[in-house]
2 protein chains.
Amino acid sequence: MPKGVRDFGPEEMARRNFIFDTIREVFRTFGFMPLETPAMEKLDVLTGKYGDEGDQLLFRILNSGQYLKSVDASDLSDGESAVTPKIAEKGLKYDLTVPFARFTVLNQHAISFPFKRYQIQPVWRADRPQRGRYREFYQCDADVVGTNSLACEAEIILMIQKVFVKLGITDYSIKINHRKLLSAITAEIGASGKESAFCTAIDKLDKIGRDKVFDEMHRQEISTASTEKLVPFMELRGSNREKVSALNDMLGVEGKPVLDEILRVLSLAETAGADPELVELDLTLARGLSYYTGTIFEVKVNNVSIGSVSGGGRYDDLTGVFGLPDISGVGFSFGVDRIYDVMNELGLFPDDTQVFSTVLVVAFDDQSWEYGWQALAGIREAGIQGEIYPEVAKPKKMFAYADKKNIPYTLIIGESERVNNTYTLKDMRSGDQTELSLEKVLEVLNTGQ
Amino acid sequence: MPKGVRDFGPEEMARRNFIFDTIREVFRTFGFMPLETPAMEKLDVLTGKYGDEGDQLLFRILNSGQYLKSVDASDLSDGESAVTPKIAEKGLKYDLTVPFARFTVLNQHAISFPFKRYQIQPVWRADRPQRGRYREFYQCDADVVGTNSLACEAEIILMIQKVFVKLGITDYSIKINHRKLLSAITAEIGASGKESAFCTAIDKLDKIGRDKVFDEMHRQEISTASTEKLVPFMELRGSNREKVSALNDMLGVEGKPVLDEILRVLSLAETAGADPELVELDLTLARGLSYYTGTIFEVKVNNVSIGSVSGGGRYDDLTGVFGLPDISGVGFSFGVDRIYDVMNELGLFPDDTQVFSTVLVVAFDDQSWEYGWQALAGIREAGIQGEIYPEVAKPKKMFAYADKKNIPYTLIIGESERVNNTYTLKDMRSGDQTELSLEKVLEVLNTGQ
């Protein structure tokens, strides 16, 4: 297998589907509509959107046929930068956001804005594989474009909370911040014009600590006077409303509009039932992506080895690069691989995600097999997942199959059942067996599955 | 967009998901377990599995980094065949069967055989795009490996019928044939050793007619004496059992084992409830893939422009090439793109596949918006898909949004509703509006969605 990609066998698939189905159901409840875009995009759609590093990480697809026809020896000696554009015009998508922007622009006249879409698909990055980082992984995105309404930000908070309730994750925090608040702070500490360096550095606080963050800021020509002024911002504690109130004093009239926005998002979320304890205004949250311009989000699960599992934010001009300027939107992405790891670590997957068949029909002789085959038709007709061991084999072998596949019931058939027109239903967990009519069997299986 | 690939917008996605969900549910009911494999495989896994033409149609992925380092000017002048192996070691998967075989071999010690798996994923082929043929398309496969039981063949017939009942497709035929029956006929007409040419030619009968099929056979050195002997086989009519009975006479003792197999498959399907009228033994069905060795299947929908929508068959040695010989299996693939086109042509998609939100909250002033926002929380809490127009806009604009998105209800709120603590629910199809309590609103929406 290629490095950094994975097979998902039945057990993993069932657990992953539990997460996907949960997220999809919540997206739908909030009126988001499904979209899928192709794995491949023209390279001119992809390049230049993710920075130089991103361009390096694109998987490029070799043109078909005689792809070398315009490559000559001088290209070859000029190296990859001369050859690549001549032999590869397509690449695998790197995220879901850029193809979504491309789709929106292409279909702008057919779309009713605000356009709420969700998209659950794999993306590919030629990154160095390591624990928790893969070359193919799924993203689960929801975005609304074409409205400035802060209701969209509040809906992101609500969706996160609904998803996590359904998944059983309770000890986590939805960190929020605002790019304009970061700008106001940068201005307040006398580092205007250094927003980008400031954000990059402060985002690392969790990982490298305050001293190293300050060192990095100083290297980026943010003065020690500025970093000293930053300290009280970093030491702000208290409830979200207490922080906002303190910031109103610290930032003065410049800060008021963005602080009002933050209060509005929090209050909209709360009036629609969000738990305010799970939302935390975090001034050190910056998020890497350069296109965010408003509220930004990140979800961190507490007491697990992998922290950040999801993120998003508002952007003002995602589609401008494709020719449709001034479309504001806000989006959010659930990191399924990380949520999977967290749920595994916390033991949160329901047991029944590992059950694929509710019952296995086990027959001890050929005539019994025919009898069981007909019973199975009735079982499936009732919508119950079931299978028959496809031939008469040694009982030990057939029961071992049920055990290995985690099938909770076997329907055992030998001569006596055939004669009595009954079925022996065995509960594989307790070992109990009862001789029943097919009707009764269906009753037990329907409640037991 | 690259040639031959597609975006699937919300309306198309909803309809496609209706098909995917139906197929998935049936696969599950029959005890098949989910599997996903990566988009990329090592090229040595893919090449040589689909014939020379297939190798040409593989999408190859350019190696990352300094991929040219071992390419020199002499490779360049030798052309693609010299360069490709040095610059591309991965490709996009061409079907789901080969990755499934690779997975099975890799995990042979963890798998309990018989192994029943389904897989619903896109595949890629660098084919010339044309109507109904794409460069990226989904396959929906179910395979059982590790058993010779003919119950598996019967289950394929049962699954096809269950899927088509749920999709509402009624006028179709499940064509079946058997590779060994084709061999027996080839022998009987005196063309032993010409099975492959015989199958290739006879498979085209539908498209080019009998004379051209015979011409092709003659070109392949099947004698006119042979094709004359073939005529009575091609003219066989009647029920499946009548055909088998005639074939028993025509083929003699040589034909008996395979004819018994066919009868057994038909009888197993019938005793489990399959409609025998929908299954047709078709001696001209051959299927292209070389790895089939037993029963083969194809589904043709009648009275539509695209005929064949699905196919499959039994193979004896799919995994041998990866080092695990003698594992017999049988598989089947639903062609979702074609089923989609057929359902479109026949108008079979349920109307509600186009409904994404059951209700849109429409507020006429800011205070009403807040009131509606809280009502929406209750609506979603009840599991009903809903949304609010995210700001107060002109009524015409808000209702147009509901119309364009095909939202069946609007919940209208102005001052009077606020004062009365009520909501005006408008049925967008009939135009009827009623002023109701939230409780009553939920009742109507729950039954109306």
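Residues numbered from 1 in each chain as written. Chains lettered and ligands numbered in written order. Predicted model: local features only at pLDDT ≥ 70, side-chain atom pairs only at ≥ 80, totals over all residues. Heavy atoms only, no water.

**Q** I'd love a proper account of the overall build of chain A, names of residues and values included.
**A** A count of helices and strands for chain A gives 18 helices and 16 strands. In summary, chain A has a C-alpha radius of gyration of 28 Å against a globular reference of 22 Å for 449 residues, an excess of more than 25%. Each principal axis of the C-alpha atoms in chain A carries an extent, and together these give about 90 × 65 × 45 Å. For chain A, the proportion of its 449 residues judged to be buried stands at 57%. Taking as baseline every contact in chain A between residues at least 6 positions apart, the subset at least 24 positions apart corresponds to 68%. Accessible surface for chain A amounts to roughly 18600 Å². Of this, 47% is attributable to carbon and sulfur atoms. The positive charge centre, built from 52 side chains, and the negative charge centre, built from 67, are 3 Å apart in chain A. (Helix = DSSP H or I, 4+ residues; strand = E, 2+ residues; numbered from the N terminus. Rg over C-alpha atoms; globule rule 2.2 N^0.38 Å. Buried < 20%, exposed > 50% of the residue type's maximum accessible area, 1.4 Å probe, protein only. Contact = heavy atoms within 4.5 Å. Areas by Shrake-Rupley, 256 points an atom, 1.4 Å probe, with all protein chains shown as cover. Lys, Arg positive; Asp, Glu negative; His and termini not counted. Charge placed at Lys NZ, Arg CZ, Asp CG, Glu CD.)

**Q** Break down the domain arrangement of chain A for me, with residues and values.
**A** Each domain of chain A was delimited in the assignment, giving domain 1 (10–58 + 94–346) and domain 2 (355–447). Domain 1 of chain A and domain 2 of chain A are separated by 50 Å when their C-alpha centres are compared. (Domains from an automatic or database assignment.)

**Q** For helix α11 (residues 224–234) of chain B, give the residues involved together with the corresponding values.
**A** All names here are of chain B. The set of residues buried in α11 consists of Ser226, Thr227, Leu230, Val231, Phe233 and Met234. On an axial view of α11, the arc spanned by its buried residues comes to 165°, and they lie on one face. For α11, the secondary structure elements touched by its buried residues are α8 (179–188), α9 (195–202), α10 (205–219) and α12 (240–251). (Arc of directions from axis to C-beta.)

**Q** Describe unusual backbone geometry, naming the residues involved and giving the relevant values.
**A** For residues that are not glycine, phi is negative in most cases, and the peptide bond is trans in most cases. Residues and elements named next belong to chain A. In this structure, the amide linkage connecting Phe113 to the following residue, Pro114, adopts the cis form with an omega of -5°. Within the fold, Pro114 resides in the loop between α6 (97–106) and β5 (115–124). A positive phi angle is found at Asn303, which is not glycine, with a value near 60°. In this structure, Asn303 sits in the loop between β9 (292–301) and β10 (308–315). Classification of Asn303 as exposed rests on a relative accessible area of 68%.

**Q** Describe the interface of chain B and chain A, naming the residues involved and giving the relevant values.
**A** On the side of chain A, 95 residues touch chain B, which itself brings 96 residues to the contact. Together chain B and chain A conceal approximately 7900 Å² of surface at their shared face, both sides included; 61% is due to carbon and sulfur atoms. The tally of links between chain B and chain A comes to eight salt bridges. Scanning the region where chain B abuts chain A turns up 36 residue pairs in polar contact (both at pLDDT 80 or more). Take the side of chain B that touches chain A: its biggest share by element is eight residues, from helix α15 (residues 366–381) of chain B. Grouping the amino acids of the side of chain B that touches chain A by side-chain chemistry returns 51 nonpolar, 20 polar and 25 charged. (Buried area = accessible area lost by both parts, 1.4 Å probe. Salt bridge = Lys/Arg side-chain N within 4 Å of Asp/Glu carboxyl O. Polar contact = N/O pair within 3.5 Å; in protein donor to acceptor, adjacent residues only side chain to side chain. Nonpolar A, V, L, I, M, F, W, Y, C, P; charged D, E, K, R; others polar.)

**Q** Please provide a residue-by-residue account of the environment of Pro232 of chain A, values included.
**A** Residue and element names in this part refer to chain A. Topologically, Pro232 is positioned in helix α11 (residues 224–234). The exposure class of Pro232 is partly exposed, given its relative accessible area of 40%. Along the backbone, Pro232 and Met250 are 18 residues apart, and their C-alpha atoms lie at a distance of 9.2 Å.

**Q** Go over helix α10 (residues 205–219) of chain A with me, naming the residues and quoting the values.
**A** Residues and elements named next belong to chain A. Over its 15 residues, α10 extends only 16 Å from the first C-alpha to the last, a length that falls short of the 21 Å expected when each residue adds 1.5 Å. In the structure, α10 departs most strongly from a straight axis at Asp211, where the bend amounts to approximately 75°. For α10, the elements touching its buried residues are α9 (195–202) and α11. Backbone geometry just downstream of α10 places Glu221 in the positive-phi region, at approximately 65°. (Expected span 1.5 Å × (residues − 1). Bend = angle between axes of the 7 residues up to and from the residue.)

**Q** I'd love a proper account of the sheet that holds strand β13 (residues 386–388) of chain B, names of residues and values included.
**A** Each strand in a sheet pairs with another by means of backbone hydrogen bonds, the pair being arranged parallel or else antiparallel. Residue and element names in this part refer to chain B. One open sheet accounts for five strands, arranged β13-β12-β14-β15-β16; its pairing is mixed. Each of the sheet's edge strands pairs with one partner strand only, and the pair in question is β13 and β16 (433–436). Across the sheet, the mean angle separating the axes of adjacent strands is 25° when strand polarity is ignored. Pairing of strand β15 (residues 423–427) with β16, which is carried by four bridges, proceeds in the antiparallel orientation. Note that in β16 the partner of Leu425 across the bridge is Thr434. The strands that helix α16 (residues 395–404) touches are β12 (359–363), β13, β14 (409–413) and β15; relative to β12, the one it contacts most, it runs at about 175°. (Pairing = 2+ DSSP bridges. Axes fitted to C-alpha atoms, helices over the stretch in contact; angles between N-to-C directions.)

**Q** Let's hear about the sheet that holds strand β14 (residues 409–413) of chain A: which residues, and what values?
**A** Residue and element names in this part refer to chain A. Here we have five strands laid out as an open sheet, ordered β13-β12-β14-β15-β16, and mixed in their pairing. The strands lining the two open edges of the sheet, one partner per strand, are β13 (386–388) and β16 (433–436). Direction aside, the axes of adjacent strands within the sheet are offset by 25° on average.

**Q** Let's hear about the packing of helix α7 (residues 151–167) of chain A against helix α13 (residues 256–271) of chain A: which residues, and what values?
**A** All names here are of chain A. Two elements in contact, α7 and α13, have axes whose closest approach is 8 Å; the angle formed by their N-to-C orientations is 50°. Overall, the two elements α7 and α13 adopt an arrangement that is oblique. Judged by the twist between their axes, the crossing of α7 over α13 is right-handed. On α13, the residues that touch Ala151, Glu153, Ala154, Ile157 and Leu158 of α7 are Val265, Leu268 and Ala269. When the residues that make up the contact of α7 with α13 are grouped by side-chain class, the tally is seven nonpolar, no polar and one charged. (Parallel < 35°, antiparallel > 145°, perpendicular 65-115°, else oblique. Left-handed = near helix turned anticlockwise from the far one by under 90°.)

**Q** Any details on the state of the cysteines? Residues and values, ideally.
**A** Here the structure, examined in full by the defined rule, presents zero disulfides over all chains. Here Cys140 of chain A stays unpaired: no disulfide links it, and the sulfur of Cys140 of chain B, its closest cysteine neighbor, is 19 Å away. Taking the relative accessible area as the measure of exposure, Cys140 of chain A reaches 0% and is therefore buried. (Disulfide = S-S within 2.5 Å.)

**Q** Any details on the nonpolar core? Residues and values, ideally.
**A** Residues Phe164, Leu181, Leu230 and Phe334 of chain B are the most contacted members of the largest nonpolar core, which totals 118 residues. For this core, the leading source of residues is helix α7 (residues 151–167) of chain B, giving 11 residues. In this view, Leu230 of chain B contacts Ile185, Ile189, Phe198, Ile202, Phe214 and Met217 of chain B; residues no more than four positions away in its chain are not counted. Core analysis: the next-biggest nonpolar cluster, separate from the first, contains 117 residues, Val105, Cys152 and Val163 of chain A together with Leu442 of chain B among them. (Core = buried A, V, L, I, M, F, W, Y, C linked by side-chain atoms within 4.5 Å.)

**Q** Explain the confidence of the model for chain A to me, using residue names and the numbers behind them.
**A** The pLDDT averaged across chain A works out to 94; a share of 99% of its residues lies at or above 70. Across the whole predicted complex the pTM is 0.94, and at the interface the ipTM reaches 0.93. (pLDDT = per-residue confidence, 0-100.)

**Q** Please provide a residue-by-residue account of the relation of the copies chain B and chain A, values included.
**A** Relative to chain A, chain B is turned by 180° and slid 0.0 Å along the rotation axis, the superposed coordinates differing by an RMSD of 0.0 Å. What the rotation and shift describe, once combined, is the action of a two-fold rotation axis. Rotation axis and chain B: the residue whose C-alpha lies nearest the axis is Ile61 of chain B, separated from it by 2.2 Å. (Least-squares fit on C-alpha atoms with pLDDT ≥ 70 in both.)

**Q** Help me get a handle on the side chain of Thr284 of chain B, residues and values and all.
**A** Residues and elements named next belong to chain B. Within the secondary structure, Thr284 sits in the loop between β8 (279–281) and β9 (292–301). Here the side chain of Thr284 touches Asp282 through a polar contact of 2.7 Å, side chain to side chain. With sequence-adjacent residues up to four places away left out, Thr284 is seen in contact with Asn177, Ile202, Asp203 and Leu205.

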